Amino acid sequence: MNLASTLPVLLGLAWLLPLVSFALIVFFGPRMGQHGRHASTVATAAIIGAFVLSLVALIGWIANPPENAAESKEAQAEAHALTAPSKTAPAPIEKAAPEKTPAKTRPGVGPAVGGPVGEAVEEERQALPRTFSGDWYTLAQFGRLRLSIGYYIDALTVFMFTMVTLIASCIHVYASGYMHDELHDVTDHEVTLADGQHLHRRGRYHRFFQYLSLFCFSMLGLVIAGNIFMVFVFWELVGICSYFLIGFYIERRSASTAANKAFIVNRVGDFGMIIGLMAIWGGLGTFAFGDTRDAQGNVTAQGIFSLVRPASNDYKLQPPDGLVRSAAPQLVSQIVLDHAGAPDLSNANSEIDAEIGDWRAGKRVTTDENGAALPDPTHYGYLLLVVAGLGIFCGCVGKSAQFPLHVWLPDAMEGPTPVSALVHSATMVAAGVYLVGRFYPVFAPSVLLVIAIVGAITLALAAVIAITAVDIKRVLAYSTISQLGYMMLAMGVGGWLAGLFHLITHAFFKSLLFLCSGSVIHATHTNDMRLMGGLRKKMPWTAYTMLVGCLAISGGAIPFLIGFSGYYSKDGIIAQALSFKQANSNPWCGSFYYVAVIGAAITAFYMFRLWYMTFAGTPRDAHVHAHAHESPKVMYVPLVILAVFALAIGWPIFGLPNLLEQARPAGILPTVTGGVFAPWLVHPSEHLSHHVHGTATIWATAAGFGGILLATIIYLWRMLDPAEVAGQFAPIYRLIWNKFYFDELYQAVFVAPVMFISRRVADFDRTLIDRFINWCAKAVRRVSSVDDAIDRWCVDGLVNFTARWIHGAAVSMRGIESGRLRQYVMWIVIGTVGLFVLASFFWNVNWGG
């Protein structure tokens, strides 16, 4: 298989199939069978077709390993350690030191040398990623600005396509059963009209699958995007689709509020993202990720990744020349002025090009008034690079519900449960983490530190809130936020592979958990876990598949032997956090590791609390228990499929980390130390985490089992009364129960002032502007009335009077015109005589001479 020509076709078709489904349902949805029943068939067939095409692309990728696979075999073997924890005793990490230089180097990568934003102190072998990039269609070109529909395909793209379409296929099948109520007219008992009646509306079965198709198309477009223009377009399209789906029951006030909240909060993050994208565009002059090549394969224009990590700098991060020029306009202007008398600017440009290296490295030397050398330590361009990175990360903070923009995700549970499963696993929130992974080569060490801090705070905050939540979907929502924090934390401390690995394993077990919760809600018609209990025998498929999901997210395993998928990915994160702790002497850098370990314990606790409250023990509500039943086959078969993947996708035999390793961007593997804003910071090579994997595994496993044991003691064995525990820590419990009052805080700090100002502006508009406009309108009306009277009675009256008079005269003279010739001759004679008489009297003419 020729991957260069085949992959764009396969993945392009897989991307477009959901769009075709969306278009068909838009135009023909209501006519697709009775009440649009076959809309689900069309949408499901499209996404399954997309999955088949993606799977063929994945098989083709695996069957055609990169040419440098042999050279990178050892490096991938170290990546393999993420899924195969060391059985040996844990050993301390080797401190990165400049003198350590492994023997071999990868092609095109020379010995590490210092750089302006970080210095690789230990060289690691890394195979260059195999990528395919290009354009399908050019929309427009304005000078340097080129807008195109293109693709950037690497191992991450191929696997993300397969994962997204597989999970979406399961959710489509599940939703065809879950949403069957929408096939008929619906009486919404949560909406009471003014007359006291409940809302009665038509079913929206076809519309639901119409939105799902558009959602999948948007997410796949984001994954395959070959430039930041497409990224932004599909990024916003994903947000719009989530708005439609979260607000699917738009008549419910809670649903419409949640949709608005999600949309507005995401726009806050997107504002920062626009700044970041514009900084990249302004400094680099291109939107494309990859290099542009001609028909012979020669590079005609460098992409973003080649510009920020050029091969000439051993793929180490450096501010591109464009950013340096943008950051030093005075220096550029001065050189141009110095060459003002020259016939052209070629000499000035040459001088600028010669100076840019020193400007970027902070080695510029100038002179003071006395002619003494005056060093200028400013690293021109670095600040813009940090701004660009932080701006992009702001967008990811909103989309992936990171602190402090995490508040929209729990409320998004107002949407149907299949939507929650899709949003929380393979699309909406995954988009933010995916984008961090895609833009990883652009992030400076300072930006990575910010990402780690935000991830750690999010992880801890959401995990703690999940402990007290009683809504089964909200527990999972806070769990999602916490796990997203894990991913961000991993990438912030240098664990690019660990973060993306957890993104994929999490997608499978979180979609499973949400679909299981939907099955429970479908059976009990309530989200409140306090009304459940004892459902295991009534819903065995749901109960045991959800148990698989709980074990997977808790990292259940037989240490060093085998485990659920979350065991492998979470251990990778904790190991990288531990490696980061040991590589940095700053004490608070160790907090990331402790947060990750404690978070693992809390995760296991609240997940098994959920399972015990739902399926174990005795029924708490006899009515709910009596009416509970297992979901139909169309709903629990997808649970079984996802449970298999939640169990085994992380197993070493499938080689997922090795596959992701092939997509690792060039230059991000070596240990990096230093940076302009945090020179003490060290991001250890991810492969070095292998040395501490044993320790991480022990602590992570112990934390997970500790959490499960505590949940068992409280909610299964009832050795402790949870109400009594809550009473013992009442202030803390109230704080957590109220979600640390973030909603109230935002209401007081942002919403209330904005509403206050809006009301004042509205009052000003009503009382002054509207009143003035109304007064003007009345004045104009009165003037118009006077003008109308003048026109009506004077102008029109005079004209009408004249017309009437002429008309009357004409009518009165009409009798004279008889048509008789002799009468006319007589009048002529009389007239002639009359004229003669008058002439005789007035002119006194002597006719006789």
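Residues numbered from 1 in each chain as written. Predicted model: local features only at pLDDT ≥ 70, side-chain atom pairs only at ≥ 80, totals over all residues. Heavy atoms only, no water.

### Some words on the overall build of the protein chain
On a plain count of helices and strands, the protein chain comes out with 29 helices and 13 strands. Its C-alpha radius of gyration of 38 Å places the protein chain more than 25% over the 29 Å reference for a compact globule of 849 residues. Once the C-alpha set of the protein chain is aligned to its principal axes, its extents read approximately 160 × 90 × 60 Å. Counting across all 849 residues of the protein chain, residues that qualify as buried make up 53%. For the protein chain, the accessible area works out to roughly 37500 Å², and carbon and sulfur atoms hold 65% of it. For the protein chain, the separation between the mean place of its 57 positive charges and that of its 55 negative charges on side chains is 10 Å. (Helix = DSSP H or I, 4+ residues; strand = E, 2+ residues; numbered from the N terminus. Rg over C-alpha atoms; globule rule 2.2 N^0.38 Å. Buried < 20%, exposed > 50% of the residue type's maximum accessible area, 1.4 Å probe, protein only. Areas by Shrake-Rupley, 256 points an atom, 1.4 Å probe, with all protein chains shown as cover. Lys, Arg positive; Asp, Glu negative; His and termini not counted. Charge placed at Lys NZ, Arg CZ, Asp CG, Glu CD.)

### Topic: the packing of aromatic side chains
Here the structure, examined in full by the defined rule, presents 36 aromatic pairs. Where W588 meets W680, the ring centres are 6.0 Å apart and the plane angle is 75 degrees; that geometry is what we call edge-to-face. Of the two residues, W588 sits in the loop between α20 (565-583) and α21 (591-615) while W680 sits in the loop between β12 (671-673) and β13 (682-683), which places them 92 residues apart along the sequence. W680 gets classed as partly exposed once you look at its relative accessible area, which sits at 36%. Members of the aromatic cluster, connected to one another through ring pairs, are W15, W136, Y151, F217 and F234. One cation-aromatic arrangement involves R204 over F248; the distance from NZ or CZ to the ring centre is 5.9 Å. Geometry around Y249 places R252 over its ring, the cationic atom sitting 4.2 Å from the centre. (Phe/Tyr/Trp six-rings, centres within 6.5 Å; stacked < 30°, edge-to-face > 60°. Lys NZ or Arg CZ within 6 Å of the ring centre and 35° of its normal.)

### Focus on the nonpolar core
The biggest cluster of nonpolar side chains holds 203 residues, and the ones touching the most others in it are M163, W408, F439 and M546. If you tally residues by element for this core, the top one is helix α18 (residues 496-524), at 17 residues. (Core = buried A, V, L, I, M, F, W, Y, C linked by side-chain atoms within 4.5 Å.)

### A closer look at unusual backbone geometry
For the bond from F403 to P404, the omega torsion is 5 degrees, close enough to zero to count as cis. Mapped onto the elements, P404 comes out in the loop between α12 (382-399) and α13 (408-411). The phi torsion at F740 lies on the positive side, around 60 degrees, for a residue other than glycine. Among the structural elements, F740 can be located in the loop between α27 (730-737) and α28 (742-813).

### Topic: the pairing of strand β2 (residues 132-142)
Examined bridge by bridge, β2 and strand β3 (residues 145-153) share 9 bridges and lie antiparallel to one another. Across the sheet, the residue bridging to A140 is L147, located in β3. Hairpin remark: β2 followed by β3, antiparallel, with 2 residues in the connecting loop; positive phi at G143, about 65 degrees. (Pairing = 2+ DSSP bridges.)

### What to know about a nonpolar patch on the surface
Taken together, the side chains of L821, V825, V829, V833, L835, F836, V837, L838, F841, F842 and W843 make up a nonpolar region of the molecular surface, amounting to roughly 1200 Å² of accessible area. You can see V825 is positioned in helix α29 (residues 821-843). (Patch = residues over 30% accessible without salt bridge, like charges linked within 9 Å, V, L, I, M, F, W, Y side chains within 5 Å. Salt bridge = Lys/Arg side-chain N within 4 Å of Asp/Glu carboxyl O.)

### Considering the pattern of salt bridges
Inspection of every chain in the model, using the stated rule, returns 21 salt bridges. A salt bridge links D154 to R438, with the nearest nitrogen and oxygen atoms 2.8 Å apart. With D154 in the loop between β3 and α4 (155-178) and R438 in helix α15 (residues 428-438), this residue pair connects regions lying 284 residues apart in the sequence. A relative accessible area of 2% places D154 in the buried class. Exposure remark for R438: the relative accessible area of 7% places this residue in the buried category. Close ionic contact of R325 with D353 constitutes a salt bridge, the shortest N to O distance being 2.8 Å. Separated by 28 residues along the polypeptide, R325 in helix α9 (residues 321-327) and D353 in helix α11 (residues 346-361) bring together distant segments of the chain. Classification of R325 as partly exposed rests on a relative accessible area of 28%. A single network of salt bridges, built from pairs that share partners, joins K261, D411, R474, K739 and D743.

### Quick notes on the pairing of strand β9 (residues 373-376)
One ladder, built from 4 bridges, connects strand β8 (residues 364-367) with β9; its direction is antiparallel. Counted as the bridge partner of T367 is A373 from β9. Here β8 folds back onto β9, and the loop between the two strands holds 5 residues, one of which, G371, carries a positive phi near 85 degrees.

### Brief notes about the environment of L323
Here L323 is to be found in helix α9. Residue class for L323 comes out buried when judged on its relative accessible area of 2%. Residues L323 and L385 lie 62 residues apart in sequence; the distance between their C-alpha atoms is 7.4 Å. Residues contacting L323, with those up to four places away along its chain left out, are A279, G283, L284, G381, L384 and L385. (Contact = heavy atoms within 4.5 Å.)

### Regarding helix α14 (residues 417-425)
Burial analysis of α14 places 9 of its 9 residues in the buried class, the great majority of the element. Looking at α14, one finds that the buried residues are T417, P418, V419, S420, A421, L422, V423, H424 and S425.

### What about the side chain of T417?
Tracing the sequence through the fold places T417 in helix α14. You can call T417 buried: its relative accessible area is 1%. Once residues within four sequence positions are removed from consideration, T417 is found in contact with Y178, K473, F514, S517, G518 and I521.

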